[in-house]
Each structure stands twice: as structure tokens, then as C-alpha cells.
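Close look at the chain arrangement
Read off the chains here:
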Amino acid sequence: MKTVMVIYWSGSGNTKTMAEAICKGIEDAGEKVILKDVGSASIEDINSYSHIALGCPSMGAEVLEEVEMEPFIDSIQDLVKGKKILLFGSYGWGAGEWMRDWEERMRNYGADLIADGLIINETPDQSGLDECTEFGKQLANS
Ligand SMILES: Cc1cc2nc3c(=O)[nH]c(=O)nc-3n(C[C@H](O)[C@H](O)[C@H](O)COP(=O)(O)O)c2cc1C
């Protein structure tokens with residue numbers, strides 16, 4: 001059995017809700033999952049796992065949250081090469097530019113993104129939650 005690490009930042013809870021649905025998919029696939037707020041995550045949590053989901057909403061002006069998530073992503077750039085990674089996050093009024101930039105950045109770090117980033121407008125509805133669960137399964141099975 002593998003363990004999948006899920007690390008997220010969420011201000012108003014939407015990306016956290018996505019993270020929890022992704023965790024359900026990982027468990028449905030029969031694998032173990034560890035869920036952490038980025039504030040309690042360390043680079044060891046990246047070093048120790050081969051399958052990782054990273055979540056952050058679109059903040060600022062189409063950027064990652066700048067106090068915790070941005071420095072965390074910066075700190076793991078040499079650690080993600082070859083790892084199976086799923087990016088996800090909620091957004092508001094934009095068109096998903098933050099996620100396109102984040103995908104490109106992670107690919108440049110050598111991450112093996114299992115799919116394009118999963119983005120959901122504001123609070124996920126039932127079909128959004130189902131999509132998160134599916135992506136969780138896909139990561140667990142990758
Ligand atoms: C300070 C701030 C900046 C934001 N900037 C953007 C943005 O540039 N583009 C966008 O689509 N949504 C933006 N949003 C909307 C959030 O991405 C959206 O509300 C999201 O659902 C928040 O996710 P969370 O509940 O996980 O924090 C912003 C929200 C806040 C509070």
C-alpha cells in the first residue's frame with residue numbers, strides 16, 4: 001500500500017473542501033493518505049513520498065498565496081523531480097491563469113504532473129466534489 005501526501009492552503013475553505021474530496025478518492029482506491037495544511041508541512045513531507053497533491057486557490061492577482069504557499073513551493077523545487085503530482089485549487093473571477101503558471105513551474109522543476117491542474121470555481125458542488133474524488137483515485141493509481 002502506498003501513502004499519498006496531500007498539502008494545501010485555503011483561506012475560506014473551498015480548496016480545503018477539494019482536498020478532503022481528493023483524500024476520499026485516494027482512500028476509495030485503497031491507498032493511505034496524509035492531509036496537511038501547508039503551515040504544518042515540511043520539506044520532509046515532500047522528500048518522503050512519491051505521490052503528492054498540492055492545493056492552493058488563485059490569490060493576489062493570479063498568483064499562489066504569498067505568505068505560506070509561495071515560499072513552500074519555492075523551497076521544494078529541487079525535491080519534486082520525477083514525483084507524481086496533482087495540482088488543484090479553487091478560483092473566483094479569473095480564467096485559471098494562476099494554475100497554468102503553477103503547472104509550468106512544476107514541470108520546469110521536473111515534476112511528473114498526472115494531469116492538468118484541477119480547478120473549481122468557488123465552492124465545489126456535488127459534481128465538483130466527484131471530480132476531486134476521481135482525481136484522487138487517479139493519483140493513487142498512478
Ligand atoms: C485576496 C484574494 C485574492 C484573490 N485573487 C483572485 C484572482 O486573482 N483570481 C481569481 O480567479 N480569484 C481570486 N480570488 C478568489 C479566490 O481564489 C476564491 O474565492 C477561492 O474560492 C478561495 O479559495 P479558498 O476558499 O480555498 O481560500 C481571490 C480571493 C482573495 C481573498
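Residues numbered from 1 in each chain as written. Predicted model: local features only at pLDDT ≥ 70, side-chain atom pairs only at ≥ 80, totals over all residues. Heavy atoms only, no water.

Note the cut-off: UniProt positions are given in the numbering used here, feature names are shortened, and annotations may be inferred rather than shown by experiment.
The name an unreviewed UniProt entry gives the chain is Flavodoxin, with Fusibacter ferrireducens as the organism. Turning to the chain, the UniProt record has this under Cofactor (unreviewed entry): "FMN". In the Function (unreviewed entry) part of its UniProt record, the chain is described as follows: "Low-potential electron donor to a number of redox enzymes."

**Here we look at the UniProt feature "domain: Flavodoxin-like" (unreviewed entry) in the chain**
Put simply, the rule reads: Counting from the N terminus, the helices are DSSP H or I runs at least four residues long and the strands are E runs at least two residues long.
Residues annotated by UniProt as "domain: Flavodoxin-like" (unreviewed entry) correspond here to residues 4-140. Between the end C-alpha atoms of residues 4-140 there is a gap of 7 Å, over a span that is 39% helix and 22% strand.

**Considering the nonpolar core**
This is how the line gets drawn: To define a nonpolar core, start from buried Ala, Val, Leu, Ile, Met, Phe, Trp, Tyr and Cys residues and group those joined through side-chain atoms within 4.5 Å. Burial here depends on accessible area, computed with a 1.4 Å probe over protein chains only, as a share of the maximum for the residue type. Under 20% is buried, over 50% is exposed, and the range in between is partly exposed. The contact criterion used is simple: two residues touch if any of their non-hydrogen atoms lie within 4.5 Å.
Judged by nonpolar contacts, the single largest core of 25 residues is most densely connected at Leu54, Phe72, Ile73, Ile85, Trp102 and Met106. Ranked by the residues each element gives to this core, the list is headed by helix 4 (residues 97-108), at four residues. Among residues more than four places away in sequence, those in contact with tryptophan 102 are Leu54, Gly55, Cys56, Leu64, Met69, Ile73, Leu87 and Phe88. Among the nonpolar cores identified, the runner-up in size contains 21 residues, and Val6, Val33, Leu118 and Cys132 belong to it.

**Things to note about the site of the ligand**
Cut-off, in case you're wondering: Residues are classed as near a molecule or strand on a simple rule: at least one heavy atom within 4 Å of it. Nitrogen and oxygen atoms within 3.5 Å of one another constitute a polar contact, given that in protein one can donate a hydrogen and the other can accept it, and given that sequence-neighbouring residues count only through two side-chain atoms. Only the protein chains shown count as covering a residue, and every accessible area follows the Shrake-Rupley method with a 1.4 Å probe. Polarity classes work like this: nonpolar for Ala, Val, Leu, Ile, Met, Phe, Trp, Tyr, Cys and Pro, charged for Asp, Glu, Lys and Arg, and polar for all others, with Gly in that last group.
Contacts to the ligand come from 18 residues, most closely from Ser10, Ser12, Ser58, Ser90 and Gly94. The backbone of asparagine 14 places a nitrogen or oxygen atom 2.7 Å from an oxygen atom of the ligand. Calculation on the ligand without its partners gives an accessible area of 640 Å², and the protein chains cover 80% of this total. Among the secondary structure elements, those contributing two or more residues to the shell around the ligand are helix 1 (14-28) and strand 4 (84-91). Residue classes in the shell around the ligand are distributed as five nonpolar, eleven polar and two charged.

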